[in-house]
Amino acid sequence: MSTLDIGGSQLDASWFLLLSAVLFSLGAVGVLVRRNPLVILISIELMLNAANLTLVTFSRQLQNMEGQLFALMSMTVAAAEAVVGLAILVDIFRVRDAEDVDDLSELKG
Amino acid sequence: MSNAALALLILLFPAGGAVVLAGRGWRLPRIFTVIVGPGVVWLSFIATMALFLGNANGDFTYWTWIKSGSFSVPFGLLIDNLSLFMCFVITGVGGLIVTYSVGYMEHEDGPSYARFFCYMDIFVFSMLLLVLADNLVFLIVGWAMVGLSSYLLIGFWYQRRSAVLAARKAFVMNVIGDVGMILGTFVLFVNVHSVSYSGVFDSLVRLCPANSNCNGDSGWLELAAFLLLVGAIAKSAQLPLHTWLPDAMEGPTPVSALIHAATMVTAGVYLVGRMHLIYDIATYAHAAVAIIGAVTALFAATIAIVQVDIKRVLAYSTMIQIGYMFLAVGIGAYSAGFFHLLSHAFFKALLFLAAGNVIHAMHDEQDMRKYGGLWRDMRLTSITFLVGSLSLVGVIPLVGFFSKEQILGLAFSKPDDAMVQILWLVGAATALITGFYTGRMWWLSFWGKPSPQRPVEHPHAPRLVMMVPVATLAVLAIVGGFIETRALGLGLSAVSDFLGKVVGPPAWEDTGVAVALGLVTMLLGAALFAGAMRIRPWSSYVPWAQTLLERKYYFDDIYAAAFVRPLDWVAGVAFRDVERPVIDAAVVDTGRLTRWTSVEASRNLQTGYFRNYVLVFVVGVVAIGGGLVIMRALS
């Protein structure tokens, strides 16, 4: 496994990937188990950023700038997604007091 | 106009009339129906007359209906003396009867009125197609279509349960005959590879040159002749497929006159006459025609003695007269059979229409015991009915005498055939019984005191539109016989000369003895007619015989026991034990299964909880990703 040069110190790339995986899992578990819609949105952001970390890591390792560009792209999308998601939430809060996503289950069959 | 176009026009007029009446015609004022309904039949009559005057003859092909390899069915019309003769009967007598219906059906409301004439025109079209077809396939088409129109017209008053049942019975019986016809055509086609008359007959002449005895290898020909005979029997209400005809009297009286007396029921006679080349060779089937005819005549005559419904008496009388026609064509006296067909069309249509006048005046009462004394109120109808009755009995010089005498005389004098002489005896006995039951009918209805149960005290006189056809038929029944007076040796033989070109001249002549016996039979019959005023039928002194006759020899009961009830039973079992528990259950359970899969099972997939969906998504990603990793590791 190759090493990356971070501020003069050499660090194995797998640590970055491991951190990314841990962050992603935390985000995924957050989405699954938390019920507050705001927290769920935050968890989604966490997963996106974990993915960004992976992109940047590989970009650095492979000496290819495309990965970093893609990370920037993904941040933009994340920002847009957060806007849309928050807008929907605000709209829902206007109509009702939804502290719990389980209350938003009108699509139940 | 060319003959081909005229021949087609004969068919197109009634077809067009039916289409117009079925389409928009019934919305138009009633006068439209009155003009179109009978008018198209008369137009056909004019076209027939034009062909007759032009001495038309020929086989006109218009287009090919079916073509498959060497098998081809052209739509063609055969104009020869036989088909023209039949067209005259159908359009002439038919025109009179349809005109009569204008008055008889006057109490129907607008749509029903138009529906009646529409059905009548369909019938006339079908019957004309039947007699004009130049091949067996279109013969069968016409054959089935007259059955259909008969069904429609018997069941015309579809609100009456008995009418619907009678219509269904007639239809089923006729379909038995249709199947016989179709099978007979198959047998012919398999053996001679043609369905056109000319093709079949040409092959017959080749297979069986004149005067050679080819009975040895004509088994298939006998089979075909017998199968066609099944069709003829069913259509002409001969034993043992006769039970539908008396019930068919549920239809309006003009229908009984046109379909169940003058034309459709004589189709069997036409068939045997048209196929006479086959029957001349197929001697067993030919003999069967004569035997069935004679036996039916005697059988129906005995039943007619005890019937009390005036139309039913006439129905049995029709069976008798068609029995005579079968006897005639069965012994090879074809033109005599067709002369009786014509004569029967005159006097039986007359009888039915005159009876229709009575029934109309009596507010649809048909029980003769409730008439009585109609002579005083309905003089003209009584006289015309008497003319028809005497013609039916065969009194000189009415048309019935000449035609019936010719059949019996030719049967008696057929050389070297003892069987035919027995059949003559049966026919002569029937003629005597005919005198009796006809007399009973006339005296009971028109003579004596009015029955206390008579529904109308002073019956109204029939309208002119009804009386004119009746009077015309009465005149025809009086003078019609003089076109064929061979029986009396007067030498006029218009009918047999005309038809001889198609069916061949009679192979033998009446003997003097036969004519003398015919006159004696006629006198005895007339005496019985007169005597019927006083004598009661002998069967009324023998209770079991009376019951036997009133139950019509238990034919209906036997058929009910042999066919109807077993079928009902099978249907009941199928319904109770198959339909309900198996088929219905399967359908219901299929529905239940669909509901379970679509509702109970799948609703749990759709919880509406966001995290469930995400969980499924995550588990899926992990499963696919993990699977890929494991596969990579293993390979």
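Cut-offs used in this document
Residues numbered from 1 in each chain as written. Chains lettered and ligands numbered in written order. Predicted model: local features only at pLDDT ≥ 70, side-chain atom pairs only at ≥ 80, totals over all residues. Helix = DSSP H or I, 4+ residues; strand = E, 2+ residues; numbered from the N terminus. Buried ≥ 20, exposed ≤ 12 C-beta atoms within 10 Å, placed from the backbone. Contact = placed C-beta atoms within 7 Å. Rg over C-alpha atoms; globule rule 2.2 N^0.38 Å. Axes fitted to C-alpha atoms, helices over the stretch in contact; angles between N-to-C directions. Parallel < 35°, antiparallel > 145°, perpendicular 65-115°, else oblique. Left-handed = near helix turned anticlockwise from the far one by under 90°. Nonpolar A, V, L, I, M, F, W, Y, C, P; charged D, E, K, R; others polar. Expected span 1.5 Å × (residues − 1). Core = buried A, V, L, I, M, F, W, Y, C linked by C-beta atoms within 7 Å. Pairing = 2+ DSSP bridges. pLDDT = per-residue confidence, 0-100. Arc of directions from axis to C-beta.

I'm lost on the overall build of chain B in this one. Help?
What chain B contains, in helices and strands, is 25 helices and 2 strands. Principal-axis analysis of the C-alpha atoms places the extent of chain B at approximately 120 × 65 × 55 Å. Burial status across chain B gives 50% buried among its 635 residues. Counting contacts in chain B only where the partners sit at least 6 residues apart, residues at least 24 apart contribute 80% of the total.

Got a minute to help me understand the overall build of chain A in this structure?
The helix and strand tally for chain A stands at 3 helices and 2 strands. Its C-alpha atoms give chain A a radius of gyration of 18 Å, clearly above 13 Å, the size a compact globule of 109 residues would have. Viewed in the frame of its principal axes, chain A has a C-alpha envelope of about 55 × 25 × 25 Å. A buried classification covers 11% of the 109 residues belonging to chain A. For chain A, restricting intrachain contacts to residue pairs at least 6 apart in sequence, the fraction spanning at least 24 positions comes to 43%.

In this structure, what is going on with the packing of helix α18 (residues 399-413) of chain B against helix α22 (residues 512-531) of chain B? I would like to understand it.
For any two helices packed against each other, the geometry is given by the interaxial angle and the distance between the axes. All names here are of chain B. In the contact formed by α18 and α22, the axes pass within 9 Å of each other and the chain directions differ by 130°. When the interaxial angle is binned, α18 and α22 end up oblique. Seen along the crossing, α18 lies across α22 with a hand that is right-handed. Where α18 abuts α22, its residues F401, E405, L408, G409, F412 and S413 lie against A514, V515, L517, G518, T521 and M522. Classifying every residue of the contact of α18 with α22 by side-chain character gives 7 nonpolar, 4 polar and 1 charged.

Even after reading the chapter, I still don't get α18(B), so can you show me in this structure?
Three or four residues apart is the spacing at which side chains of an α-helix point the same way, because the helix has 3.6 residues per turn. Across its 15 residues, α18(B) extends 21 Å between first and last C-alpha, which sits within 8% of the 21 Å expected from 1.5 Å per residue. Counting buried positions along α18(B) gives 15 out of 15 residues, so the element sits mostly inside the fold.

What is the right way to read the nonpolar core from this model?
One recurring pattern in soluble globular proteins: nonpolar side chains tend to sit buried together. All names here are of chain B. If you look at the biggest cluster of nonpolar residues, it comprises 201 residues, and the most contacted ones within it are L128, A349 and L350. With 18 residues, the top contributor of residues to this core is helix α15 (residues 334-361). Other than its neighbours up to four places away in sequence, A349 contacts V93, I97, A257, A261, A262 and L473.

How do you make sense of the interface of chain B and chain A when you look at a structure like this?
In many reports, interface size means the accessible area that the parts give up when they come together. Each partner contributes to the interface: chain B provides 11 residues, whereas chain A provides 10 residues. Residues belonging to the side of chain B that touches chain A are distributed by class as follows: 5 nonpolar, 4 polar and 2 charged.

Got a minute to help me understand the packing of α15(B) against helix α17 (residues 379-393) of chain B in this structure?
Residue and element names in this part refer to chain B. One can describe the packing of α15 onto α17 by two numbers: an axis separation of 9 Å at closest approach and a directional angle of 150°. The angle between α15 and α17 places the two elements in the roughly antiparallel class. As α15 packs across α17, the resulting crossing turns out to be left-handed. Along the contact surface, α15 presents F347, L350, L351, A354, N357 and V358, while α17 presents T381, T384, F385, V387, G388, S389, S391 and L392. Tallied by class, the residues present in the contact of α15 with α17 amount to 8 nonpolar, 6 polar and no charged.

Before we go on, may I ask you to explain the pairing of strand β1 (residues 58-68) of chain B in this structure?
If a strand is regular, its side chains alternate between the two faces of the sheet. Residues and elements named next belong to chain B. Examined bridge by bridge, β1 and strand β2 (residues 71-79) share 9 bridges and lie antiparallel to one another. Within β2, the position partnered with T61 by the bridge is G76. In textbook terms, the turn of a hairpin is the stretch between consecutive antiparallel strands, and for β1 and β2 this stretch comprises 2 residues, one of which, G69, has a positive phi near 65°.

Where do I start with the environment of L89(A) in this structure?
Residue and element names in this part refer to chain A. Checked against the element boundaries, L89 lands in helix α3 (residues 66-95). Each C-alpha atom of the pair L89 and L38 lies 8.1 Å from the other, and the pair is 51 residues apart in sequence. What L89 contacts, discounting residues up to four positions off in sequence, is P37 and L38.

Sorry if this is basic, but what is going on with the environment of A477(B) here?
Residues and elements named next belong to chain B. Considering the arrangement of structural elements, one finds A477 in helix α20 (residues 464-479). Distance in space between the C-alpha atoms of A477 and L398 is 6.0 Å, their sequence separation being 79 residues. Apart from residues lying up to four places away in sequence, A477 is in contact with F346, F347, L350, V387, G388, S391, L398 and V399.

Would you mind going over the environment of E106(A) with me for this structure?
Take E106(A): it is sitting in the segment after α3. Taking the C-alpha atoms as reference, E106(A) lies 40 Å from L69(A); in sequence the two are 37 residues apart.

Would you mind showing me how to read the confidence of the model for chain B here?
As a note on interpretation, predicted positions should not be read in detail where pLDDT is low. In this model, chain B carries a mean pLDDT of 84, and residues with pLDDT of at least 70 account for 97%. Confidence scores differ between elements of chain B, with helix α23 (residues 543-550) of chain B showing the lowest mean pLDDT of 76 and helix α5 (residues 136-154) of chain B the highest of 91.

I keep staring at unusual backbone geometry and nothing clicks. Help me out?
Apart from glycine, the bulk of residues carry a negative phi angle, and the bulk of peptide bonds sit in the trans form. Residues and elements named next belong to chain B. The amide bond that connects L239 to the next residue, P240, takes the cis arrangement and shows omega of -5°. Positioned with a positive phi, Y554 is a non-glycine residue whose angle comes to about 60°. Summarising the element assignment, Y554 is placed in the loop between α23 and α24 (555-601).

Can you walk me through helix α7 (residues 197-207) of chain B in this structure?
All names here are of chain B. Residues Y197, V200 and L204 constitute the buried set of α7. Taken end-on, α7 shows its buried residues confined to a sector of 75°, consistent with a single buried face. Relative to its buried face, α7 has exposed residues pointing more than 90 degrees away, namely V205 and R206. Residues of α7 that are buried make contact with β2, α6 (161-192) and α12 (276-281).

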